[in-house]
Amino acid sequence: MVSKLAGAWFLCLACSAPQASTYPSRSITIVVSSAPGGALDTVSRIVGNQLAKGLDTPVVIENRPGANASIGASAVARARPDGYTLLATSENALTIVPALMPDLPYDVRRDFTPISLLATLPMVVVASPSSGLRSLDSLLDTAKRSPGKLRFGSAGDASVHYVGMALLQKAAGISMMHVPYRAGPQAMNDVMAGNIDTMLLAPGPAEQQRKAGRMQALGVTSARRLDVMPDVPAVAEALPGYTFEAWFGLLAPAGLPADVQARLHAEVARVLALPEVSRQLAEAGIVATSCSPAEFARRIASERDQVLNTLRK
C-alpha cells in the first residue's frame, strides 16, 4: 500500500510541475514594480512584446508600483513558482530597499529565482542653470571649498538617485546637502526652478530638459560617454574609477523548476540580442544587458553589500 501511495504521489507531482517541453501553455504575467511610463516599464514592454512572439503565448504587463517597489516584489514572492508570474524590477527592490529595510515582507535571497538582467541605465549628473555649475569639475571644486553648500535632490534614501550621489560623494571626498522628495519628478522640477542645485537623472529626461535649456548636464555615470549625448563627459574622466548604473532584471518566485528557468533565460537572452530591441532601448539611453541566473544572483548580493557599506552611518 505504501509503495502504491508513493507512486501516486510522484505521479501527481510530475503532472503538476511545469515542464519546459510544455511550457508555456497559457499567458504569462510580468509584474512591473513601477508605474507606467518610466524606464522599467519601457524595458518590460519592449522585452515582453518580443517574449510573447518567441514563446508563442500572450505576455501581460501588470504595473504594481508603490512602497519603493516592494509591493510588486511581494506579490511575486507569494505567487506559484510555475513560470506564469514573473517580476520585472530594479536594483531598488533587490539591493537598496533590502539593505535599508530589513523587515520587508520578502527576502531577496530566499523568495526569488533569478532569470536575467534586462538592461542597465547610466545616470546623468544634472544641475540647475542658476547654480553656476557648468562642469563636473566646478561641482567638485565648489563642494570641496564649501562642504554642505550644494543641495542635491533625490526620491529619498531608498532611491537610486540618492545611492548614486552618495557613492559619488564618497569617491570624491566631498559633502553636499541631501534634499529628499517623495518622487524623482518633484526633485527634477526643483532643479529646473533653481530651488536645489543638482541631482542624478536618467538620460532620457536629462537630454530632453537640457535641449530645452532647463538643465545643465555635467557628466554621465557610465564608464564611457553615451551615444545619446556624446558631448557630455563621463564622470570617470574627472573622477577615475567612479561608475554607477541603475539596472532592471527579471525574476520568478522561488522554487521555479530548473528547466523552466533555463527556457526563460534563453528566451530573454535571445530577445536582448535582437538589434531592434537594442535600438529601441538605446534611444532612451538604456543598454540591453543579459547575464546568466548565477551572475545575476551574484550581482544582487554584491551590490546589496556595497549599499550597506556606503550608507552605513
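Preceding this section is the structure that the text describes.
Presented here is a report on the structure given in the accompanying data block.

Reading the values: rules and limits
Residues numbered from 1 in each chain as written. Predicted model: local features only at pLDDT ≥ 70, side-chain atom pairs only at ≥ 80, totals over all residues. Heavy atoms only, no water. Axes fitted to C-alpha atoms, helices over the stretch in contact; angles between N-to-C directions. Helix = DSSP H or I, 4+ residues; strand = E, 2+ residues; numbered from the N terminus. Parallel < 35°, antiparallel > 145°, perpendicular 65-115°, else oblique. Left-handed = near helix turned anticlockwise from the far one by under 90°. Contact = heavy atoms within 4.5 Å. Nonpolar A, V, L, I, M, F, W, Y, C, P; charged D, E, K, R; others polar. Core = buried A, V, L, I, M, F, W, Y, C linked by side-chain atoms within 4.5 Å. Buried < 20%, exposed > 50% of the residue type's maximum accessible area, 1.4 Å probe, protein only. Pairing = 2+ DSSP bridges. Salt bridge = Lys/Arg side-chain N within 4 Å of Asp/Glu carboxyl O. Expected span 1.5 Å × (residues − 1). Arc of directions from axis to C-beta. Polar contact = N/O pair within 3.5 Å; in protein donor to acceptor, adjacent residues only side chain to side chain.

### Some remarks on the packing of helix H2 (residues 39–55) against helix H12 (residues 275–282)
Now for step 1: Put simply, H2 and H12 touch, their axes get as near as 10 Å, and they point 165° apart. Between H2 and H12, the crossing angle belongs to the class labelled roughly antiparallel. Every pair of crossing elements has a handedness; the one defined by H2 and H12 is right-handed. Mapping the contact onto sequence places Val43, Ile46 and Gln50 in H2 and Glu276, Val277, Gln280 and Leu281 in H12.
Now for step 2: Partitioned by chemical class, the residues of the contact of H2 with H12 number 4 nonpolar, 2 polar and 1 charged.

### As for the nonpolar core
Now for step 1: By size, the foremost hydrophobic cluster in this structure holds 83 residues, and its most contacted members are Ile30 and Leu139.
Now for step 2: Contacts of Ile30, omitting those with residues within four sequence positions, involve Gly48, Leu51, Val59, Val60, Ile61, Glu62, Leu86, Ala88 and Leu250.
Now for step 3: Counting residues in hydrophobic clusters, the runner-up holds 17 residues, among them Ala187, Leu201, Ala217 and Ala234.

### Observations concerning the sheet that holds strand E6 (residues 151–154)
Now for step 1: The 5 strands lie next to each other as E7-E6-E8-E5-E9, forming an open sheet whose pairing is mixed. Taken across any chain shown, the strands that pair with only one partner, and hence form the sheet edges, are strand E7 (177–180) and strand E9 (216–220). The mean inter-strand angle of the sheet, taken between neighbouring strand axes irrespective of direction, is 30°.
Now for step 2: Of the strands in this sheet, strand E5 (124–127), E6 and strand E8 (198–201) are in contact with helix H8 (residues 184–193), which crosses E8 at around 135°.

### What to know about the packing of H2 against helix H11 (residues 258–272)
Now for step 1: Where H2 meets H11, the closest approach of the two axes is 10 Å, and the angle between their N-to-C directions is 120°. The orientation of H2 with respect to H11, classified from their angle, is oblique. Once H2 is placed against H11, the crossing between them reads as right-handed. Counted together, Val47, Gln50, Leu51, Gly54 and Leu55 of H2 and Arg263, Leu264, Glu267, Val268, Arg270, Val271 and Leu272 of H11 form the full contact between these two elements.
Now for step 2: Looking at the contact of H2 with H11 residue by residue, the class counts come to 7 nonpolar, 2 polar and 3 charged.

### Re the pattern of salt bridges
Now for step 1: Under the counting rule described, the total for this entry stands at 12 salt bridges.
Now for step 2: Here Asp82 makes a salt bridge to Arg26, at a shortest N to O gap of 3.2 Å. Within this pair, whereas Asp82 is found in the loop between helix H3 (70–77) and strand E3 (85–90), its partner Arg26 is found in the loop between helix H1 (2–16) and strand E1 (28–32), the two being separated by 56 residues in sequence.
Now for step 3: What makes Arg26 partly exposed here is its relative accessible area of 43%.
Now for step 4: Connected via shared salt-bridge partners are Glu207, Arg210 and Asp231.

### Looking at the environment of Gln208
Now for step 1: Mapped onto the elements, Gln208 comes out in helix H9 (residues 203–211).
Now for step 2: Assessed through its relative accessible area of 54%, Gln208 is described here as exposed.
Now for step 3: Between the C-alpha atoms of Gln208 and Leu218, which are 10 residues apart in sequence, the distance is 14 Å.

### Looking at the pairing of E6
Now for step 1: Note: E6 against E7, 4 bridges, orientation parallel. Residue pairing in the sheet places Arg151 in a bridge with Met177 of E7.

### Brief notes about H11
Now for step 1: When the terminal C-alpha atoms of H11 are compared, their 21 Å separation across 15 residues agrees well with the 21 Å that a helix rising 1.5 Å per residue should span.
Now for step 2: Every buried residue belonging to H11 is among Val260, Gln261, Leu264, His265, Glu267, Val268, Val271 and Leu272, and all of these are buried. One face of H11 carries all of its buried residues, which in axial projection span an arc of 165°.

### Re the side chain of Ser74
Now for step 1: Among the structural elements, Ser74 can be located in helix H3.
Now for step 2: Within the local environment of Ser74, its side chain forms a polar contact with the backbone oxygen of Ser70, the two atoms lying 2.7 Å apart.
Now for step 3: With residues near it in sequence (within four places) discarded, Ser74 still touches Pro105 and Tyr106.

### Some thoughts on the sheet that holds strand E11 (residues 287–288)
Now for step 1: Read from one edge of the open sheet, 6 strands run E2-E1-E3-E10-E4-E11, paired in mixed fashion. For this open sheet the edge positions go to strand E2 (59–63) and E11, each flanked by a neighbour on one side alone.
Now for step 2: Packed onto the sheet, helix H4 (residues 91–100) meets E3 and strand E10 (245–253) and runs at close to 60° relative to E3.
Now for step 3: Here H11 sits on the sheet in contact with E3, strand E4 (112–122), E10 and E11, set at roughly 15° to E4.

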